[in-house]
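Chain and residue survey
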Amino acid sequence: MSSSVSGRPTPAGEDRPVQTTDGIPVQRVYGPEDERIDYAATLGDPGEYPFTRGIYPTMYRGRRWTMRQYAGFGTAAETNRRYRYLLEAGQTGLSVAFDLPTQMGYDSDASMALGEVGRVGVAIDTLDDMRTLFDGIPLEKVSTSMTINATAPVLLALYVALADERGIPRDKLSGTVQNDILKEYIARGTYIYPVEPSLRLVTDVFDFCAREVPRWNTISISGYHIREAGATAAMEVAFTFADALEYVDRALARGLELESFAPRLSFFFASHNDLLEEVAKFRAARRLWARLMRERYAASEESCRLRFHTQTGGVTLTAQQPLNNVVRVAMQALAAVLGGTQSLHTNGYDEALSLPTEEAAKLALRTQQIIGYESGVARTADPLGGSWYVESLTDALEAKAREYLEAVAARGGAARAIDYCQEEIHRAAYEHQLAVEHGEKTLVGVNAFTEGAAPTVVAQPDYGALEASQRERLAAVRARRAAAAVEGALARIRQAAAGSENLLPAMVDAVKALATLGEISEALRGVWGEYRLN
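Scope of this entry: the structure provided in the associated data block. Bear in mind that the values here come from a model prediction, so they are computed numbers and not experimental data.

1. Some remarks on the side chain of S108
- Following the sequence through the fold, S108 ends up in the loop between α3 (100-104) and α4 (127-133).
- A polar contact is formed between the side chain of S108 and the side chain of D125, at a distance of 2.8 Å.
- Leave out the neighbours within four places in its chain, and S108 touches A113, V117, A123, D125, Q470, R471 and L474.

See the structure below:
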């Protein structure tokens with residue numbers, strides 16, 4: 001018998017190093033000597049600082065997480081049908097996926113949009129599209145999340161304009177606009193403008209919502225896309241929080257009061273396959289955010305609460321043996337729930353091949369419902385709290401994330417550390433790919449257990465017809481609107497962009513005049529230019 005690092009005897013042949021996905025060493029077994037917990041300082045009861053065990057005292061006994069399936073399909077009419085289908089199936093919140101032209105500030109008839117209209121989400125050009133997208137859906141009763149960043153203020157303006165048109169008070173609207181531009185520079189690439197004016201737009205949304213749409217979550221600071229780009233769990237937490245601290249500092253420099261916007265900050269994380277590490281990641285993130293807000297800003301408990309949405313890992317889905325993804329998604333969803341998420345999207349098993357079919361989308365929703373209503377994990381808050389292994393992982397991930405945060409701070413903060421974050425993510429992605437190719441990491445159906453894998457074919461929409469239809473809709477709007485009113489509204493946007501006025505009121509007026517998303521974005525390009533890679 002040999003000895004392990006904890007002093008316990010280790011059977012011969014079992015002393016090879018084992019580690020988590022994030023590289024944290026794992027002992028053969030954990031016991032009381034591995035975790036000396038100062039309960040009040042490091043854990044606390046659910047609903048109490050530092051919120052390690054959850055942000056609400058009763059957690060899911062009081063209310064289950066929001067089951068918010070992400071969906072966007074070509075045209076607004078097709079997407080509306082899918083939303084109605086999911087709401088009838090028991091979904092409790094909407095989550096909108098937009099196509100790339102919408103994300104990049106181009107109308108569907110722009111040359112840059114050719115071949116991309118409706119391919120990865122819904123095309124939204126005008127208020128007319130927004131009317132169709134939410135036809136028959138009560139905005140005052142349904143929480144809506146919109147995954148949009150560079151054009152987030154325009155989409156929020158469209159949503160507010162639609163509510164105004166329906167006579168719904170703005171203070172009745174609830175939902176989230178992602179509005180997280182820094183992670184676009186770091187990991188995803190759907191940016192438009194240079195960094196400084198982009199950050200101004202972020203704080204414009206903070207300011208506008210604090211005054212006009214108080215129940216709206218003004219930002220969903222996204223670790224999800226950072227993780228999808230190849231980051232480890234600790235990087236995901238650290239770089240997300242580095243971005244968040246930058247946004248807080250910018251808002252304070254703008255003159256906003258911390259407590260007017262900080263309680264409405266929300267976050268968005270991925271959930272991957274290393275189940276217990278993912279549970280620990282969520283717990284560590286909650287504690288680290290609370291401590292950062294208290295240390296840096298003397299924030300109230302309300303502003304220290306980490307509220308987050310989770311999506312199961314897109315990059316973990318495999319095109320080979322796609323039915324295996326049903327198991328992966330269930331495991332990842334369970335980790336998110338055990339980790340205390342506030343809302344959850346579960347991916348369709350066929351999303352490595354196409355947009356999810358109706359069958360896959362419903363099964364993904366049923367996965368959440370089975371976890372919520374049949375598994376028993378919602379009966380008590382933080383059911384894995386006190387596990388020697390989980391508490392050890394929680395501590396290790398928090399410490400690792402702090403190291404990355406310190407490295408970002410040493411480079412002047414997130415807005416100045418974009419290159420550093422990119423390099424770390426690229427390194428981690430490369431190391432993961434090498435480990436898969438060398439068989440050091442097992443992917444079932446990909447580099448192991450590959451027998452019997454038949455190709456899976458998923459029918460694709462006719463994107464050419466879809467694009468033509470959307471262009472026709474846009475042309476009809478352009479033909480019937482008042483051109484002078486549109487030009488006047490765009491001139492006001494250009495004037496506001498050149499000064500310091502909040503742009504949201506001008507954008508709301510512009511979309512009501514039927515100015516397009518592309519026209520508003522082009523007006524801002526004319527004043528600010530575009531971001532160029534070094």
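2. Some remarks on the sheet that holds strand β11 (residues 343-345)
- A sheet is described by the order of its strands in space; here 9 strands give the open sequence β7-β6-β5-β4-β3-β11-β10-β9-β8, paired in parallel fashion. The open sheet terminates on both sides in strands that have one partner only, identified here as β7 (216-217) and β8 (219-222).
- Here strand β9 (residues 265-271) runs beside strand β10 (residues 308-312); their pairing, made up of 5 bridges, is parallel. When the sheet's bridge partners are listed, S271 is paired in β10 with T312.

3. Remarks on the pairing of β10
- Most of β10 is tucked away: 5 of the 5 residues are buried.
- Side chains F308, T310 and T312 project from β10 onto one buried face, and the interleaved H309 and Q311 project onto a second face that is buried too.
- Relative to β11, β10 runs parallel, the two being bridged by 3 bridges. Counterpart to T310 in the pairing with β11 is L344.
- Crossover connection from β10 via helix α13 (residues 324-338) to parallel β11: handedness right-handed.

Here is what the cut-offs are and how they apply
Residues numbered from 1 in each chain as written. Predicted model: local features only at pLDDT ≥ 70, side-chain atom pairs only at ≥ 80, totals over all residues. Heavy atoms only, no water. Helix = DSSP H or I, 4+ residues; strand = E, 2+ residues; numbered from the N terminus. Polar contact = N/O pair within 3.5 Å; in protein donor to acceptor, adjacent residues only side chain to side chain. Contact = heavy atoms within 4.5 Å. Pairing = 2+ DSSP bridges. Buried < 20%, exposed > 50% of the residue type's maximum accessible area, 1.4 Å probe, protein only. Right-handed = clockwise from strand over helix to strand, strands pointing away.

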